[in-house]
Amino acid sequence: MLRIFLVATLIDALGSGLWVPFALLFLVHGQGMGLVDAGASLSTGALLALVTAPATGAAMDRFGPRALLIAGNLVRLAAFAAYPLAHTSWPVIAISAVAGFGDRLFWTCNAPMVARLTSGSDTDRVLATQTIGRFAGAGLGAAAMAVLPTITSPWAFHLLAYVNAASFAVAALLIRLLPALSRESAVPGRKGHFHVKVPSGGWRAVVGDRGFTGFCVTHMAFTLASASKFSVLPLVVRDLLHGPQWIAGTAITVGTVVVVTAQRPIVALLAGRSRTAGLIAAAVLFAVCFALLIPLQAVSLPVATVLILLTSLGFSIAEALFGPTATAAAAAAAPPGAEGRASSIFQLSWGLPLALAPGLLATLLSVSNALTWAILALTCASAVPALLVLRRKLPDALREPSRPVSA
């Protein structure tokens, strides 16, 4: 059962990861839209989709995660099949809103589903494996970016969107094979974990937990960094540095290889250390890497290329540090009986930066390359003092050492 779920989520993660570096390029060079127009349209649609997050959380607590996981994949199947038909702002806004709704359905239910199927170190292992899948998708997107801008026919751009749509159909079919799970919550006992029925929790239990909500707000700095690190890099190389597209493609591909090969060793290295330490290390590394990109336009192209390749390694290590760690911490901090509602709030800390990133980055980049990376560096640095405060409010989630992760 766990293997079927893991395969399904890996397919989903591949498709989601692929689209992140590809979306702006698809709209600008495949559909003929302007940069700012494309970025604003994607952000507007994603923001509209965020309105559905509370409803998806309540629905998960009511119906369980399996049905909503299937629905999330089917919704995104329809959205990505429609993307090649969109050439102006309003259709892109509508389609990206539908795709964002599918994302909210799927990712709101993902961590609670993992928690029901696993326990202990297996939870971190599954979440780490999903991160590997997401970055493998980003690597495929990078490969597409290296080739597609040299192709003038729109079918090449459309093909990747259709393949992405088909991947969501396969994921939905696999999750359909899983049995429905009852609403249960793991409770520690003398000899391990046993499961008991837990009554449904309300929004007050989630929103009133200042430690949990504070962690979600702080987590937005990481997700903004994650959404930003590679999404505008092809445009920076192409339009600001006037360099060959292989620079961006190589940087993202190298970074992807680092995450795919190092994700589990990094999670294992964090075993025995507090989750706070791993998250602080990620925040500092993100901030340093963004700062290194500030002078890109002031240096020669060879030096800029070295900086881009070097920071791609740092970004990937930071991603491996924070991704599974933050998700596991949020799942551990969720109030019992309100896991779906808590997950929907946590997913807002993913969805809001992802929604804002295209429009925000396109606007900042149209003003200044240096301003873009400086703001991102300062945002990541601000997470460090916030985590030090939250460590006292969420001791079990942030201070308790992680258990070793199995290979």
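Residues numbered from 1 in each chain as written. Predicted model: local features only at pLDDT ≥ 70, side-chain atom pairs only at ≥ 80, totals over all residues. Heavy atoms only, no water.

If you look the protein chain up in an unreviewed UniProt entry, it shows as MFS transporter from Amycolatopsis rifamycinica. You can read under Subcellular location (unreviewed entry) in the UniProt record for the protein chain the words "Cell membrane". (UniProt positions renumbered as here; feature names shortened; annotations may be inferred.)

**Student:** Mind showing me how you'd approach the pattern of salt bridges here?
**Tutor:** Opposite charge on two side chains permits them to pair, given that their charged atoms come into close proximity. Tallied over the entire structure, the rule returns 1 salt bridge. In this structure, the salt-bridge partner of Asp 103 is Arg 76, at a minimum N-O distance of 2.9 Å. One end of the pair, Asp 103, is in helix α5 (residues 89-117); the other, Arg 76, is in helix α4 (residues 65-82), with 27 residues separating them in the sequence. The class of Arg 76 is buried, set by a relative accessible area of 0%. (Salt bridge = Lys/Arg side-chain N within 4 Å of Asp/Glu carboxyl O. Helix = DSSP H or I, 4+ residues; strand = E, 2+ residues; numbered from the N terminus. Buried < 20%, exposed > 50% of the residue type's maximum accessible area, 1.4 Å probe, protein only.)

**Student:** For this particular structure, what's the right way to read the side chain of Asn 369?
**Tutor:** Among the secondary structure elements, Asn 369 is positioned in helix α15 (residues 369-381). In this view, Asn 369 contacts Val 236, Leu 240, Leu 293, Ile 294, Leu 296 and Gln 297; residues no more than four positions away in its chain are not counted. (Contact = heavy atoms within 4.5 Å.)

**Student:** Just to check I follow, could you spell out the packing of aromatic side chains for this structure?
**Tutor:** Given two aromatic rings, one states the distance between the centres and the angle between the planes to describe the pair. This model, assessed by the stated rule, comprises 10 aromatic pairs. A centroid spacing of 6.3 Å and a plane angle of 10 degrees characterise the contact between Phe 215 and Phe 346, whose relative ring orientation is stacked. Separated by 131 residues along the polypeptide, Phe 215 in helix α9 (residues 210-228) and Phe 346 in helix α14 (residues 339-367) bring together distant segments of the chain. Both residues of the pair, Phe 215 and Phe 346, belong to the buried class. Between Phe 222 and Phe 322, the ring centres sit 5.3 Å apart and the planes meet at 25 degrees, which makes this aromatic pair stacked. (Phe/Tyr/Trp six-rings, centres within 6.5 Å; stacked < 30°, edge-to-face > 60°.)

**Student:** Teacher, can you tell me more about the packing of helix α12 (residues 275-292) against α15 here?
**Tutor:** Angle between the axes and distance between the axes: these two values describe a pair of packed helices. Remark: α12 packs on α15, axes separated minimally by 8 Å, with the N-to-C direction vectors making an angle of 165 degrees. When the axes of α12 and α15 are compared, the pair comes out roughly antiparallel. Pair α12 / α15 crosses with left-handed handedness. Touching Ala 283, Phe 286, Ala 287, Phe 290 and Ala 291 of α12 are Trp 373, Leu 376, Ala 377, Cys 380 and Ala 381, all from α15. Here the residues of the contact of α12 with α15 are counted per class, giving 10 nonpolar, no polar and no charged. (Axes fitted to C-alpha atoms, helices over the stretch in contact; angles between N-to-C directions. Parallel < 35°, antiparallel > 145°, perpendicular 65-115°, else oblique. Left-handed = near helix turned anticlockwise from the far one by under 90°. Nonpolar A, V, L, I, M, F, W, Y, C, P; charged D, E, K, R; others polar.)

**Student:** I keep staring at a positive patch on the surface and nothing clicks. Help me out?
**Tutor:** Residues Arg 210, Arg 391, Arg 392 and Lys 393 make up a contiguous surface patch of positive charge. At 3 residues, helix α16 (residues 383-393) tops the list of elements feeding residues into the positive patch. Along the chain, the position of Arg 210 falls in helix α9. Among the residues examined, Arg 210 registers a relative accessible area of 70% and is labelled exposed. (Patch = residues over 30% accessible without salt bridge, like charges linked within 9 Å, V, L, I, M, F, W, Y side chains within 5 Å. Areas by Shrake-Rupley, 256 points an atom, 1.4 Å probe, with all protein chains shown as cover. Lys, Arg positive; Asp, Glu negative; His and termini not counted. Charge placed at Lys NZ, Arg CZ, Asp CG, Glu CD.)

**Student:** So what exactly am I meant to see when it comes to helix α11 (residues 246-270) here?
**Tutor:** End to end, α11 covers 34 Å across 25 residues, agreeing with the expected 36 Å (1.5 Å per residue, within 8%). Of the residues one or two after α11, Gly 272 is the one with positive phi, at around 90 degrees. (Expected span 1.5 Å × (residues − 1).)

**Student:** What is the right way to read the nonpolar core from this model?
**Tutor:** Side chains that are nonpolar tend, in soluble globular proteins, to be buried together. In terms of nonpolar packing, the biggest core is built from 88 residues, with Phe 212, Phe 215, Phe 222, Phe 286, Phe 290, Leu 296 and Ile 308 touching the most fellow members. For this core, the leading source of residues is helix α13 (residues 301-333), giving 12 residues. Taken domain by domain, this core gets at least three of its residues from each of domain 1 (1-180) and domain 2 (207-402). If near-sequence neighbours (up to four positions away) are discounted, Ile 308 is found in contact with Leu 233, Val 237, Leu 241, Ile 247, Ala 251, Leu 293 and Leu 296. Counting residues in each nonpolar core, the second largest holds 24 residues, with Leu 6, Ala 8, Leu 69 and Leu 178 among its members. (Core = buried A, V, L, I, M, F, W, Y, C linked by side-chain atoms within 4.5 Å. Domains from an automatic or database assignment.)

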